[in-house]
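# Reading the structure
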Amino acid sequence: MPAVSPAEIDRERAHLERAREELARMRERTAGLTVHAGDRISAEALERTLARRLAQLADDPHVPLFFGRLDHDEPSGGKVFHVGRRHVSDTAGDPLVVDWRAPVSAAFYRATRDDPMGVTARRRYGFARGVLTGFEDEALSGAAVTEAEHSEILEQEIERPRTGPMRDIVATIQPEQDVIVRSGLDRTVVVQGAPGTGKTAVGLHRAAYLLYAHREQVTRRGMIVVGPNSSFLRYIRDVLPALGEVDARQTTVEEMVAAHGRLRGAEPAEAARLKGDARMAQVLRRAVWSHLGEPGEALVLPRGSRRWRVPTHEARDAVAHVVGRDLRYDAGREQLRYALAHRILQQIEASGDALDDRAWDVLARTRAVKDYAATLWPILAPARLLHRLLADAEFLAEMSDGILTPAERQTLAWAVAPRSAGAARWTLADLVLLDELADLLERAPSVAHVVVDEAQDLSPMMLRALGRRARTGSLTVLGDLAQATTPWAVRSWADALHQLGKPDGHVEQLTAGFRVPGDVIEYAARLLPTIAPELAPPVAVRRARGELLLTTAPTEELVRAALARDGSVGLIVPDAGVDVARRRLLAAGLEFAVVGEEDVRAYDQTGAADAADDQATEFDARLDLVPASLAKGLEFDHVVLDDPAGIVAGETEREPGLRRLYVCLTRAVTSLAVRHDDDVPPELAA
């Protein structure tokens, strides 16, 4: 780092100290506010707002309040702004730190010598445990402009070793990433990102930006962040809170559809693939609307001394009229009652009777009208309907005629059907179908925005479930087609956008790898001609090439060498090898945690879970044992990958196995050691 003036460092440290004091004042003032409201509901809403504000004003002394500075030229006001994770102002309301999401902060990420955006100089700060250690200045306009220099602070921040969950990248967002982050709320964006390009961080920072730029709308309507599994959600859990945002709900597809039944079963991959096929939406729609009945007799409504009738042909017309309105099934049944009541109302008024304004509603609620409507438009339940579809071969054949082949129907149908829907052992694919059925019956509510990560592994039916939850909102879709490992994965982002109901969504491709070092990513990219020949290979932009080792040395030896260095360590093994790896780590006296285990604890040298620390979960330990199927989306400073051939063989087909291996090879930030038994897949050969 270039030498800087000690006096200037002291001035910047004083500014940091003052900003922390003012942030503490802002939090103290908020904590001292008393809620006064006219009713209980308003009081509860205000209390939630204050609690959220207190959470946003939390200060971690190990995290710097600002990481950059912008010096503006005279035409732009000549002002100086410190850019940080949240806004901090003094008692007069003048900003000591401006939020990184504010419009004025965009220049910190996008200003160049060709387009300085009114900025004369950009400053980046170096920190160690929250203490300001130095800074770099970059002249963007004026006589001081020279050739662009390499930023040591930026490189050190990107490459800094870490332990624990994922952290934000707010200090190192690149211009092409910032364009995505600041996309408007009305825009659905797909981020096709190679390993190490920061697509997950970009998606989370876009969520934080939308919560800032459209606070009222997003908070009122909601935001959902969807990850591939619970371990991944624990890995990203601290990013949004670190940016002062606590309003986004984090979940998985499995949790999202859990309201429809318990996940109790598994099934062959071919059955799951077929249930995830978009054609199932047509089958389900046909199954729902096939329950409409044909009027067999007239509707008769006794009223006083008169009996009013709706003939069968008029009842048939009423059904057709309601169907033509393209309503949800349950709403249609409600509308049919009013359509029938309207015909009776017309007869009564034609006879000269005077009726009040409530008459239509009263007639629609009479027992005779409700019972007659129920015979034509019966009540349906998603679980019972899906049970019938999978248990009744004739019904399935009728509903899928012209959509599925006989062989596909045989794959779908239960070999031994449970006696009732309540006894069914629903799989994840079944629950997604139940979610589709539930939406056919009653319109699912929409939130303002959905962020979905590792989207390349989702089936078309899963994508439809996500699209429903953003029907009137937008999405940020994150993924890498080269890392698709499920049999039901979509093959293009155009197809994914179609299933999401956002065909006009925009696709951005990130290929600049800031996290995975060059030697590692280039080695893993040898698989791309086989698994994703249509994708551009990622390019490492870091000067450090990283460390790549192919070896037959013992796994424990490689793990010990990694643990002797700074940063987190991940031991990635085939799923079938987790128990063996656990025993070997215990025998070697190494402490570790296992990613994906429920109630995760760190294992000590005796093999017992650490009962003294309930929070010793995965990503809090120095060493994590990672099943290959859960490696996606995770990062470790040092990775030991054991048995690459076993990872490939762990999948039902070779290409998904190679995709799984590609994922596992690209988890390292500094070093990768591949331990093998002279059986490295030939696709990795030089």
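Because the structure is a prediction, the values reported are computed rather than measured. (Residues numbered from 1 in each chain as written. Predicted model: local features only at pLDDT ≥ 70, side-chain atom pairs only at ≥ 80, totals over all residues. Heavy atoms only, no water.)

## Considerations on the overall build of the chain
Helix and strand counts for the chain come out as 28 helices and 22 strands. The principal-axis extent of the C-alpha atoms belonging to the chain is close to 100 × 70 × 50 Å. Taking all 686 residues of the chain together, 52% fall into the buried category. Total accessible area on the chain stands at roughly 30,700 Å², and carbon and sulfur atoms take up 50% of it. In the chain, 86 side chains carry a positive charge and 103 a negative one; their mean positions are 6 Å apart. (Helix = DSSP H or I, 4+ residues; strand = E, 2+ residues; numbered from the N terminus. Buried < 20%, exposed > 50% of the residue type's maximum accessible area, 1.4 Å probe, protein only. Areas by Shrake-Rupley, 256 points an atom, 1.4 Å probe, with all protein chains shown as cover. Lys, Arg positive; Asp, Glu negative; His and termini not counted. Charge placed at Lys NZ, Arg CZ, Asp CG, Glu CD.)

## As for the sheet that holds strand β4 (residues 95-99)
Across the sheet, which stays open at both edges, the 6 strands sit in the order β3-β4-β2-β1-β5-β6 with mixed pairing between neighbours. Strand pairing shows two members of the sheet lacking a second neighbour, β3 (88-89) and β6 (131-139), which therefore form its edges. Inspection of the sheet shows strand β2 (residues 80-84) paired to β4 by 2 bridges, in the parallel sense. Following the sheet pairing, Val-83 is matched in β4 by Val-98. Contacts between helix α1 (residues 6-31) and the sheet are confined to β1 (66-72), β2, β3, β4, β5 (119-128) and β6, with β6 contributing the most and set at about 115 degrees to the helix. (Pairing = 2+ DSSP bridges. Contact = heavy atoms within 4.5 Å. Axes fitted to C-alpha atoms, helices over the stretch in contact; angles between N-to-C directions.)

## Concerning the packing of helix α12 (residues 279-289) against helix α17 (residues 382-391)
At a minimum axis distance of 11 Å, the contact between α12 and α17 shows a crossing angle of 110 degrees. One element, α12, and the other, α17, form an angle in the roughly perpendicular class. Taken as a pair, α12 and α17 cross one another with a handedness that is right-handed. Here Val-283, Leu-284, Ala-287 and Val-288 of α12 come into contact with α17, specifically with Leu-385, Leu-386 and Leu-389. When grouped by side-chain class, the residues that make up the contact of α12 with α17 number 7 nonpolar, no polar and no charged. (Parallel < 35°, antiparallel > 145°, perpendicular 65-115°, else oblique. Left-handed = near helix turned anticlockwise from the far one by under 90°. Nonpolar A, V, L, I, M, F, W, Y, C, P; charged D, E, K, R; others polar.)

## Considerations on the pattern of salt bridges
All told, the structure shown has 45 salt bridges when counted by the stated rule. A salt bridge links Asp-178 to Arg-110, with the nearest nitrogen and oxygen atoms 2.7 Å apart. Of this pair, Asp-178 sits in helix α5 (residues 175-181) while Arg-110 is found in helix α3 (residues 106-110), placing the two residues 68 residues apart along the sequence. The class for Asp-178 is buried, based on a relative accessible area of 0%. Its relative accessible area of 30% is what places Arg-110 among the partly exposed residues. The salt bridge partner of Arg-316 is Glu-294, with a shortest N-O separation of 2.5 Å. A residue pair is termed long-range when its members are at least 10 positions apart, and Arg-316 in helix α13 (residues 312-323) and Glu-294 in the loop between α12 and β10 (299-303) qualify at 22 residues. (Salt bridge = Lys/Arg side-chain N within 4 Å of Asp/Glu carboxyl O.)

## Points about the UniProt feature "coiled-coil region" (unreviewed entry) in the chain
Here, UniProt's "coiled-coil region" (unreviewed entry) annotation points to residues 9-36. When the span residues 9-36 is considered, its composition is 82% helix and 0% strand, and the gap between its end C-alpha atoms is 45 Å. (UniProt positions renumbered as here; feature names shortened; annotations may be inferred.)

## As for the UniProt feature "binding site: ATP" (unreviewed entry) in the chain
Feature annotation in UniProt assigns "binding site: ATP" (unreviewed entry) to the following positions: Gly-193, Ala-194, Pro-195, Gly-196, Thr-197, Gly-198, Lys-199 and Thr-200. Assignment of secondary structure puts Ala-194 in the loop between β7 (189-193) and α6 (199-213). Filtering out sequence-adjacent residues up to four positions away, Ala-194 remains in contact with Lys-199, Asp-480, Leu-510 and Pro-538. Examined against the element boundaries, Pro-195 turns out to sit in the loop between β7 and α6.

## Brief notes about the packing of aromatic side chains
By the definition in use, this model includes 11 aromatic pairs. With centroids separated by 5.9 Å and ring planes inclined at 45 degrees, the aromatic side chains of Trp-414 and Trp-426 adopt a geometry described as tilted. With Trp-414 in the loop between α19 (406-412) and α20 (428-441) and Trp-426 in the loop between α19 and α20, this residue pair connects regions lying 12 residues apart in the sequence. In this structure, Arg-123 is placed above the aromatic ring of Phe-135, and the distance from its NZ or CZ to the ring centre is 3.9 Å. The cationic tip of Arg-388 hangs over the ring face of Phe-395; the distance from NZ or CZ to the ring centre is 3.7 Å. (Phe/Tyr/Trp six-rings, centres within 6.5 Å; stacked < 30°, edge-to-face > 60°. Lys NZ or Arg CZ within 6 Å of the ring centre and 35° of its normal.)

## Concerning α1
Taking 1.5 Å of rise per residue, 26 residues should cover 38 Å, and α1 covers 37 Å from first to last C-alpha, within 8% of that figure. Those residues of α1 that sit buried are Glu-8, Ile-9, Glu-12, His-15, Leu-16, Ala-19, Arg-20, Glu-22, Leu-23, Met-26 and Thr-30. (Expected span 1.5 Å × (residues − 1).)

## Examining unusual backbone geometry
Across residues other than glycine, the phi torsion is negative in most instances, and most of the peptide bonds are trans. Residue Arg-129 is not a glycine yet carries a positive backbone phi of 55 degrees. Within the chain, Asp-326 stands out as a residue other than glycine whose phi angle is a positive 55 degrees. Turning to its location among the elements, Asp-326 is positioned in the loop between α13 and α14 (329-350).

## A closer look at the nonpolar core
Residues Trp-100, Val-288, Leu-340, Ile-344, Leu-386, Leu-389 and Leu-665 are the most contacted members of the largest nonpolar core, which totals 156 residues. The element that contributes the greatest number of residues to this core is α14, accounting for 9 residues. Once you skip the residues sitting within four places of it in the chain, Leu-389 turns out to touch Val-283, Leu-284, Ala-287, Phe-395, Leu-396 and Met-399. Ranked by size, the runner-up nonpolar core spans 18 residues in total, among them Val-559, Ala-562, Leu-571 and Leu-590. (Core = buried A, V, L, I, M, F, W, Y, C linked by side-chain atoms within 4.5 Å.)

## A word on α13
Along its 12 residues, α13 runs 17 Å from first to last C-alpha, staying within 8% of the 16 Å computed at 1.5 Å per residue. Inspection of α13 places Ala-315, Ala-318, Val-319 and Val-322 among the buried residues, and these make up the whole buried set. All buried residues of α13 fall inside an arc of 95 degrees around its axis, so they share one side. On the buried face of α13, the contacting elements are β11 (306-310), α14 and α16 (367-376). (Arc of directions from axis to C-beta.)

## Focus on the pairing of strand β18 (residues 569-573)
Among the 5 residues that make up β18, 5 are buried, leaving the element largely enclosed by the rest of the structure. Residues of β18 alternate between two faces, with Val-569, Leu-571 and Val-573 on one and Gly-570 and Ile-572 on the opposite face, all of them buried. Relative to strand β20 (residues 623-627), β18 is paired through 5 bridges, and the arrangement is parallel. Bridging across to β20, Ile-572 finds its partner in Val-626. As paired strands, β18 and strand β21 (residues 636-642) are joined by 4 bridges and run parallel to one another. The residue bridging Gly-570 from the neighbouring strand is Val-639, located in β21.

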